[in-house]
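# Residue-level structural notes
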Amino acid sequence: MKISSSKIIIESLLYENVEFIFGYPGGAVLHIYDAIFYSKIKHILVRHEQAAVHIADGYSRSSNLIGVVLVTSGPGFTNCITGLATSNFDNSSIIVLCGQVIKKLIAQNSFQELDNLNLSNPIIKNFYSLNCYFNIQYIISKSFNLSTFLKKGPIVIDFPKDLTSSSNKLRNKHPFIKKKNNKIIKNYFLNLNFKRPIILIGGGFIKTNYINLLDNFIKNNKIPFISTFMGLGGFNYRNPYYLGWLGMHGDACVNNIIHYSDIVICLGTRLDDRIINSNDNFCPYSKIFHIDIDLNSISKNIYCENFYLCDINFFLKNKILYKNIKFWWKFIIFFKKFFNQKYKNNFFFCKPQQIIEIIFLISKGKLFLTTDVGQHQMFAAKYYYFNFKKFISSGGLGTMGFGFPSSIGIKFANKNKKVLLITGEGSFQMMMQELSTCKQYKINIIIINLNNQSLGMVKQWQELNYENRYSQSYVFSLPNFKKLINSYNLYSFNFYNIKKFYFFFTNIIILNVFCFINIYINQKENVFPIQIYNKFMCELISFFSIKKYEKKICFFNL
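In this section: unusual backbone geometry. A cis amide bond links F528 with the next residue in sequence, P529, at an omega value of 0°. Its location among the elements puts P529 in the loop between strand 20 (515-520) and strand 21 (530-531). The residue N17 is not glycine, and still its phi comes out positive at about 65°. Looking at the secondary structure, you find N17 in the loop between helix 1 (5-15) and strand 2 (20-23). Positive phi outside glycine occurs at N91, with the angle close to 55°. Looking at the element boundaries, N91 is found in the loop between helix 5 (81-90) and strand 5 (94-100).

We now examine the confidence of the model for the chain. Averaged over all residues, the pLDDT of the chain equals 85, while 91% of them reach at least 70. Taking the mean pLDDT of every element in the chain, the minimum, 39, falls on helix 22 (residues 546-552) and the maximum, 97, on strand 17 (residues 419-423). Within the model, pLDDT remains below 50 along residues 173-188, and this stretch shows 32 contacts once partners closer than five positions in the same chain are excluded. Per-residue pLDDT stays below 50 along residues 544-558; that stretch engages in 31 contacts with residues further than four places along the chain or on separate chains.

Now for the packing of helix 1 against helix 7 (residues 136-148). Between helix 1 and helix 7, the least distance of the axes is 9 Å, while the angle of their chain directions is 25°. As the angle between them shows, helix 1 and helix 7 are arranged roughly parallel. The two elements helix 1 and helix 7 meet at a crossing, and its hand is right-handed. Here S5, I8, I9, S12 and L13 of helix 1 lie close against helix 7, whose contacting residues are I136, Q137, I140 and F144. In the contact of helix 1 with helix 7, the residues fall into 6 nonpolar, 3 polar and no charged.

If you walk through the whole model with that rule in mind, you get 40 aromatic pairs. Taking the centre distance of 5.3 Å and the plane angle of 40° together, the rings of F404 and F428 count as tilted. With a gap of 24 residues between them, F404 in helix 16 (residues 403-413) and F428 in helix 17 (residues 425-428) connect regions that are remote in the sequence. Where F493 meets F504, the ring centres are 4.6 Å apart and the plane angle is 55°; that geometry is what we call tilted. Of this pair, F493 sits in strand 19 (residues 491-495) while F504 sits in helix 21 (residues 498-508), and the two are 11 residues apart along the sequence. On the basis of relative accessibility, which here comes to 29%, the residue F493 falls in the partly exposed class. With a relative accessible area of 17%, F504 lands in the buried category. Here the aromatic residues F229, Y237, W245, F360, Y384, Y385, F386 and F391 are joined through ring pairs into a cluster of three or more.

A word on the pairing of strand 4 (residues 67-71). The buried fraction of strand 4 amounts to 5 of the 5 residues, a majority that puts the element mostly inside the structure. Of the two faces of strand 4, both are covered, the one formed by G67, V69 and V71 as well as the one formed by V68 and L70. Pairing between strand 2 and strand 4: 2 bridges, direction parallel. The partner of G23 across the bridge, within strand 4, is L70.

Taken as a class, soluble globular proteins show a tendency for nonpolar side chains to be buried jointly. Residues I355, I448, F501, F505 and I517 are the most contacted members of the largest nonpolar core, which totals 65 residues. For this core, the element with the highest residue contribution is helix 14 (residues 352-363), accounting for 6 residues. F22, Y59, V71 and A85 belong to the second-largest nonpolar core, a separate cluster that totals 42 residues.

This part is about the pairing of strand 3 (residues 42-45). Here strand 2 pairs with strand 3 via 4 bridges, running parallel. The partner of I21 across the bridge, within strand 3, is H43. Following the backbone out of strand 2, through helix 2 (residues 30-37) and into the adjacent parallel strand 3, one traces a crossover that is right-handed.

A rise of 1.5 Å per residue sets the reference length of helix 13 (residues 326-338), with its 13 residues, at 18 Å; its end C-alpha atoms lie 19 Å apart and thus fit the reference within 8%. Turning to helix 13, its buried residues are W328, I332, F335 and F338. Axial view of helix 13: buried residues confined to an arc of 125°, hence all on one face. Away from the buried face of helix 13 by more than 90 degrees, exposed residues K326, F327 and K337 are located.

In an α-helix, one turn spans 3.6 residues, which is why side chains three or four residues apart end up on the same side. Spanning 12 residues, helix 14 covers 16 Å between terminal C-alpha atoms, matching the ideal 16 Å at 1.5 Å per step. The buried count for helix 14 comes to 10 of 12 residues, which makes it a mostly enclosed element. Those residues of helix 14 lying buried are P352, Q353, Q354, I355, I356, I358, I359, F360, I362 and S363. Phi for K364, located one or two positions after helix 14, is positive at around 60°.

Calculation rules
- Residues numbered from 1 in each chain as written.
- Predicted model: local features only at pLDDT ≥ 70, side-chain atom pairs only at ≥ 80, totals over all residues.
- Heavy atoms only, no water.
- Helix = DSSP H or I, 4+ residues; strand = E, 2+ residues; numbered from the N terminus.
- pLDDT = per-residue confidence, 0-100.
- Contact = heavy atoms within 4.5 Å.
- Axes fitted to C-alpha atoms, helices over the stretch in contact; angles between N-to-C directions.
- Parallel < 35°, antiparallel > 145°, perpendicular 65-115°, else oblique.
- Left-handed = near helix turned anticlockwise from the far one by under 90°.
- Nonpolar A, V, L, I, M, F, W, Y, C, P; charged D, E, K, R; others polar.
- Phe/Tyr/Trp six-rings, centres within 6.5 Å; stacked < 30°, edge-to-face > 60°.
- Buried < 20%, exposed > 50% of the residue type's maximum accessible area, 1.4 Å probe, protein only.
- Pairing = 2+ DSSP bridges.
- Core = buried A, V, L, I, M, F, W, Y, C linked by side-chain atoms within 4.5 Å.
- Right-handed = clockwise from strand over helix to strand, strands pointing away.
- Expected span 1.5 Å × (residues − 1).
- Arc of directions from axis to C-beta.

Next up, the structure:
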């Protein structure tokens, strides 16, 4: 039986077990939308195309599924660019079906026509432009396999409108493309001569399902391990050998420990600038061993002579021989005690640290937690302990507005699970139009808005580097969030007191409702520690003054 090419697109998606398409209609994709009307695929109408990509991102990262987006040509696709860049940085599997003008109008500056290939090429894994309707099944099948092959990433398929019309009919066949076997270079770590080892877990590890293998590897080798920000949630946080996470706002003890190590074994991390702080001063006493499946991630920022291009699974099955590290553990315990102070409790103000700790205490880490970008993101990472794959945030690109739509995507992928969003008033306003999406599809998530009435991270940098000149970091025109949320017939509450929030959250977490909790936090609270730019990993501003810091142990005279 011959069917239309637009229906072939839908049938091909059904063949790939696609349940949801996230998108926004427009002229160039109306043939496909007409085919969706008669199909079993559920289309989720967003209010902005960027939100569609973020929703698909959250959907993909919280499951083993591929997020599918459908948008129109021109502005419909350009609105997706930020979402595609976010997905590319954090390696999530997304396929964007993008409309295009009819073939004879391409390259003529036609209405809503753009060069989608050159616009998106640097920030996607691959791009396909449909030039013949006989290739539809092949391209969609190949895209789904390629999106999850080796390193994950977003793929764009460009559809000229005339190739999706109902007049083009062809036989319905579904070619199946087998995934290529991963070639492993077999090298063994044997009898390495080091005394102060550390293992660094990156965001690439969270894409795997090797959590039990890692636990056994750490238990057998008894080597301490740390993580990057994007590696959070990729392992068992209760593991006694886990020390914390490193980076600009990472744990002070971890930044010092890695500085004095003599070997760093990196698993699935590209060692970006927010981790290393300075290319020249990163781990001056260490050898770097890098294990990654992606050659482009090796020696990207830090030159690495010793690297292994293989699946992490292969490395974790090996036994490492090393010297006695008894004194290394004494050194680690000293630093853990020395940097034990985190912040001062205050029950008269709502401190963001206390709020995050209360959330973890009540939820026991069982929630899917997503964040936007800013101070609240760092507070969540520092004071909430994540179960496997329960933390989703924009790390590589740092996209404000990512959190709300991604939490919607997580809910679509995990219908019976609780989803919590930690956000700030600046980030939330970037995508708050998706409240309408939540209302339409009855998406029940809990949103904690840590409201300090300013762009917190910008304000903190202005305090530290610009002598308190708060240029455009304060938001003087904030909406009444309670009335805004209530206008969508959704629940919203304001809190100024930490005790009242504790009792409220204990009750609301049991219910299956959408709830926006606006908490007014102490405006002067900042994220500490923070590294000093272009210095050693151990040089940072902590809760106590730098002078007191120097007296205790001299890190600044290395």
